[in-house]
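Single-letter residue listing:
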Amino acid sequence: MLASLIIVAALVGVQSPSTPKPAEKKGITCRLTLSTDMSLQDRWFHCPGEMGIKLPEAISVVRQQTLAAYVFFAHWSTRLDGTVDVDYDVRIKRPNGGLYTSEELLRGHMGSVGEDENILLCDQVFDAAFAADAPLGDYVVIATLRDNAGQTISKTEKTITLVDYADGLPVDDPKKFESWMNGYFLNPEPLRAIPTLCALGHAGYWKDVQLPSTSTGFFAELFATNTWLVPRLLERFDVQEPETKRLILWLLAQSFFDAKEFAAGLHGADKEAWEKLQAETRHYPLLDPMMKSAHVDQLWGVFFASGKFAAIQKLADALAPERTEAIGEGADKPALQKAVTTSLRTYARNELLVHGYCDWIMANDATTDGVRDALKKVLGR
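The model shown is predicted, which means the values in this text are computed figures rather than measured ones. (Residues numbered from 1 in each chain as written. Predicted model: local features only at pLDDT ≥ 70, side-chain atom pairs only at ≥ 80, totals over all residues. Heavy atoms only, no water.)

A closer look at the overall build of the protein chain
1) Next: Secondary structure assignment for the protein chain yields 14 helices and nine strands.
2) Next: Against the 2.2 N^0.38 benchmark of 21 Å for 381 residues, the protein chain shows a C-alpha radius of gyration of 23 Å, consistent with a compact globule.
3) Next: With respect to the principal axes defined by its C-alpha atoms, the protein chain has extents near 70 × 55 × 35 Å.
4) Next: Looking at the protein chain as a whole, 48% of its 381 residues qualify as buried.
5) Next: Once local pairs closer than 6 in sequence are excluded, the contacts in the protein chain between residues at least 24 apart make up 71%.
6) Next: Charge centroids of the protein chain, computed over 39 positive and 50 negative side chains, lie 2 Å from each other. (Helix = DSSP H or I, 4+ residues; strand = E, 2+ residues; numbered from the N terminus. Rg over C-alpha atoms; globule rule 2.2 N^0.38 Å. Buried < 20%, exposed > 50% of the residue type's maximum accessible area, 1.4 Å probe, protein only. Contact = heavy atoms within 4.5 Å. Lys, Arg positive; Asp, Glu negative; His and termini not counted. Charge placed at Lys NZ, Arg CZ, Asp CG, Glu CD.)

Right under this line is the structure:
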C-alpha cells in the first residue's frame, strides 16, 4: 500500500568518486505499463514465448486499489562474464507536482539471460495503492532504469488518475456471467464485482449454489485479492437475500479481512451461520490437498479470477496424486482424477492460457514423470 511505504531520500546520482555517473546515451530502453492485473509474472514466466502476452493498461484507479508498475526493458549491455546488471527506481508525483512516494534500487535483473530473449520484464514489480485520504486527480508515475553494465539510463513515465469509487455495470444474466467470469483474468473489472454478486442474488442465482463451486471460488479469489472491496460489500449485507448473505459470510470467512467488528453486529440466523463457518476448517485451494470434486471447481474459480499458474499446476499434480499428494488421503482419487482430466482437457482446448501453462509444465525439467506423462495423455500428445 502506498500509505505504508517508507519514503527514503533520493539517491539517484549520488555515487562514490570511483563510480562514473551513468550517462543518458544510446543504450538501454524501457517501457512502463500501469495495470491492476497482478498476475502478469505468472504468464510471463510460465508461457511459451510464441504465445505473446496481453496486459490491460489502467488509466484510473480508486483509493486502496492495488496498482502494479510493470517495467520492461531492452538493448541492455552485459559484463565480461555475459551477465546483465539492471535496477530501477519509481517515483510518484502528486496532482500538485509534489512527491507522493518513491522506492529505489528495485531489482531489474542480475544474471544471465537466454540467447533468444530480447525483452525482459523487471524481476521485482513495484505495486502499491493510494491511501484512503489521498487527493483525487492525476498522478505521474516515473520509472528510472539503470544499466550498470553499460552505464546508461532510461526514463519513462505514465499518468494514472485517482477517482472516486463507483459501481461498474452489473452482470445479472447467468449465461453472461459465466462468460464474464471465464474471461475475467484477461480483463479484470473489480468495480463490477459487488453489483454483479448482488444482482445475481436478486435473480436467485445463489439459492442452490454449492460452497465451494467455480463461481463462489471465483468471487472468493476476487475479494481475497481485492480486500479494498470487502468493506463496501459488507455495507450492503443487510439488504441482501438470505442465500446471498450466506455467500457473503462464506466469502468473508475465506478472506484475511478483519471481520471482528462486522461479526459483532450479526444477529439471529446470520450470527449462527457465521459461527458455523468459523468453526469449520478453512480449505486453501492452492495449498491443501483436494478432498472432493468441489475443490476442483474451486481451483478453476481461482484461475478465472486471477490467471494464476499455481491453480493449473495444482490440477496437473492431481493427475498423479501418488507422486504429488495433490489429492488427500481418504478422498475418492479415481473420481477426482476423472474430474480433473475432463476439466483440463476441455479448458486446454478452449483457453489459450491453460494450454500454454500445460505446455510449460510438460517442458519443465522439475515436473515429475508421472505428472508429465499423465498430462500428455490428457491432452492427446
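Let us keep going from here.
Some words on the nonpolar core
1) Next: Residues Phe218, Phe223, Phe303, Ile312 and Leu344 are the most contacted members of the largest nonpolar core, which totals 74 residues.
2) Next: Each residue touching phenylalanine 223, except ones within four places of it in the same chain, is listed here: Ala193, Ile194, Leu197, Leu229, Val230, Leu233 and Leu251. (Core = buried A, V, L, I, M, F, W, Y, C linked by side-chain atoms within 4.5 Å.)

As for unusual backbone geometry
1) Next: Residues leucine 211 and proline 212 are joined by a peptide bond in cis, for which omega reads 0°.
2) Next: Even without being glycine, glutamate 325 reaches a positive phi, approximately 60°.
3) Next: Judged by its relative accessible area of 63%, glutamate 325 is exposed.

Here's the deal with the packing of helix α9 (residues 293-306) against helix α12 (residues 333-350)
1) Next: Viewed as axis vectors pointing N to C, α9 and α12 meet at an angle of 30°, and their least axial separation amounts to 9 Å. Classed by the angle they form, the pair α9 and α12 counts as roughly parallel. Classified by chirality, the crossing of α12 by α9 is right-handed. Packed against α9, whose contacting residues are Ser293, Val296, Trp300 and Phe304, the element α12 presents Leu336, Ala339, Val340, Ser343, Leu344 and Tyr347 at the interface.
2) Next: In terms of residue class, the contact of α9 with α12 is made up of eight nonpolar, two polar and no charged. (Axes fitted to C-alpha atoms, helices over the stretch in contact; angles between N-to-C directions. Parallel < 35°, antiparallel > 145°, perpendicular 65-115°, else oblique. Left-handed = near helix turned anticlockwise from the far one by under 90°. Nonpolar A, V, L, I, M, F, W, Y, C, P; charged D, E, K, R; others polar.)

Some thoughts on the packing of aromatic side chains
1) Next: Scanning the model with the defined rule gives 27 aromatic pairs in all.
2) Next: The interplanar angle of 75° and the centroid separation of 6.3 Å between the aromatic rings of phenylalanine 177 and phenylalanine 218 together place this pair among those described as edge-to-face. Highlighted residues: phenylalanine 177 in helix α2 (residues 174-182) and phenylalanine 218 in helix α4 (residues 214-224), separated in sequence by 41 residues. Just as phenylalanine 177 is buried, phenylalanine 218 falls in that class too.
3) Next: Arranged with centres 5.3 Å apart and planes meeting at 80°, the rings of phenylalanine 309 and tryptophan 360 form a pair that is edge-to-face. Of this pair, phenylalanine 309 sits in helix α10 (residues 309-317) while tryptophan 360 sits in helix α13 (residues 352-363), placing them 51 residues apart in sequence.
4) Next: Each residue in the set Phe177, Trp180, Tyr184, Tyr205, Trp206, Phe218, Phe219 and Phe223 is aromatic and connected to the rest through ring pairs, giving one cluster. (Phe/Tyr/Trp six-rings, centres within 6.5 Å; stacked < 30°, edge-to-face > 60°.)

A word on the sheet that holds strand β8 (residues 137-147)
1) Next: Across the sheet, five strands lie side by side as β2-β9-β8-β4-β5; this open sheet has mixed pairing. On the outer flanks of this sheet lie β2 (60-62) and β5 (99-111), each paired with one strand and no other. The sheet shows a mean angle of 25° between the axes of neighbouring strands, taken without regard to direction. (Pairing = 2+ DSSP bridges.)

Quick look at the packing of α12 against helix α14 (residues 369-378)
Between two packed helices, what matters for the description is the angle formed by their axes and the separation of those axes.
1) Next: In the contact formed by α12 and α14, the axes pass within 9 Å of each other and the chain directions differ by 60°. As far as their axial angle goes, α14 and α12 are oblique. The way α12 lies across α14 gives a crossing that is right-handed. Across the interface between the two elements, Thr341, Leu344 and Arg345 of α12 pack against Leu375, Lys377 and Val378 of α14.

A look at α10
1) Next: Taking burial as the measure, the nine residues of α10 include eight buried ones, the bulk of the element.
2) Next: Of the positions making up α10, those classed as buried are Phe309, Ala311, Ile312, Gln313, Lys314, Leu315, Ala316 and Asp317.

A word on the pattern of salt bridges
1) Next: Taken as a whole and judged by the stated rule, the model has 14 salt bridges.
2) Next: Between arginine 146 and aspartate 87 there is a salt bridge, and its shortest N-O distance comes to 2.8 Å. Pair noted here: arginine 146 is in strand β8 and aspartate 87 is in strand β4 (residues 84-93), with a separation of 59 residues, a long-range link.
3) Next: Where aspartate 359 meets arginine 381, a salt bridge forms, and the shortest distance between an N and an O atom there is 2.9 Å. Here arginine 381 lies in the segment after α14 and aspartate 359 lies in helix α13, a separation of 22 residues in the sequence.
4) Next: Three or more residues joined by partner-sharing salt bridges are found here, namely Asp87, Asp89 and Arg146. (Salt bridge = Lys/Arg side-chain N within 4 Å of Asp/Glu carboxyl O.)

A short note on the state of the cysteines
1) Next: Throughout the structure, instances matching the rule amount to zero disulfides.
2) Next: Note on cysteine 122: no disulfide assigned, nearest cysteine sulfur contributed by cysteine 30 at a separation of 7.9 Å. (Disulfide = S-S within 2.5 Å.)

Focus on the confidence of the model for the protein chain
Should the pLDDT be low somewhere, the predicted coordinates at that spot are not to be read in detail.
1) Next: This prediction gives the protein chain a mean pLDDT of 91; 92% of its residues lie at or above 70.
2) Next: Long-range and interchain partners of residues 1-18, a stretch whose pLDDT sits below 50, account for 31 contacts in this model, where long-range means more than four residues apart. (pLDDT = per-residue confidence, 0-100.)

Examining the pairing of β4
1) Next: With eight of ten residues buried, β4 lies mostly within the body of the structure.
2) Next: Here β4 runs beside β5; their pairing, made up of nine bridges, is antiparallel. Residue pairing in the sheet places aspartate 85 in a bridge with methionine 110 of β5.
3) Next: Hairpin connection between β4 and β5: a loop of five residues separates the two successive antiparallel strands, and glycine 97 in this loop has a positive phi of roughly 95°.
4) Next: Direction of pairing for β4 relative to β8: antiparallel, over a ladder of eight bridges. Its bridge partner lying in β8, arginine 91 is registered against isoleucine 142.

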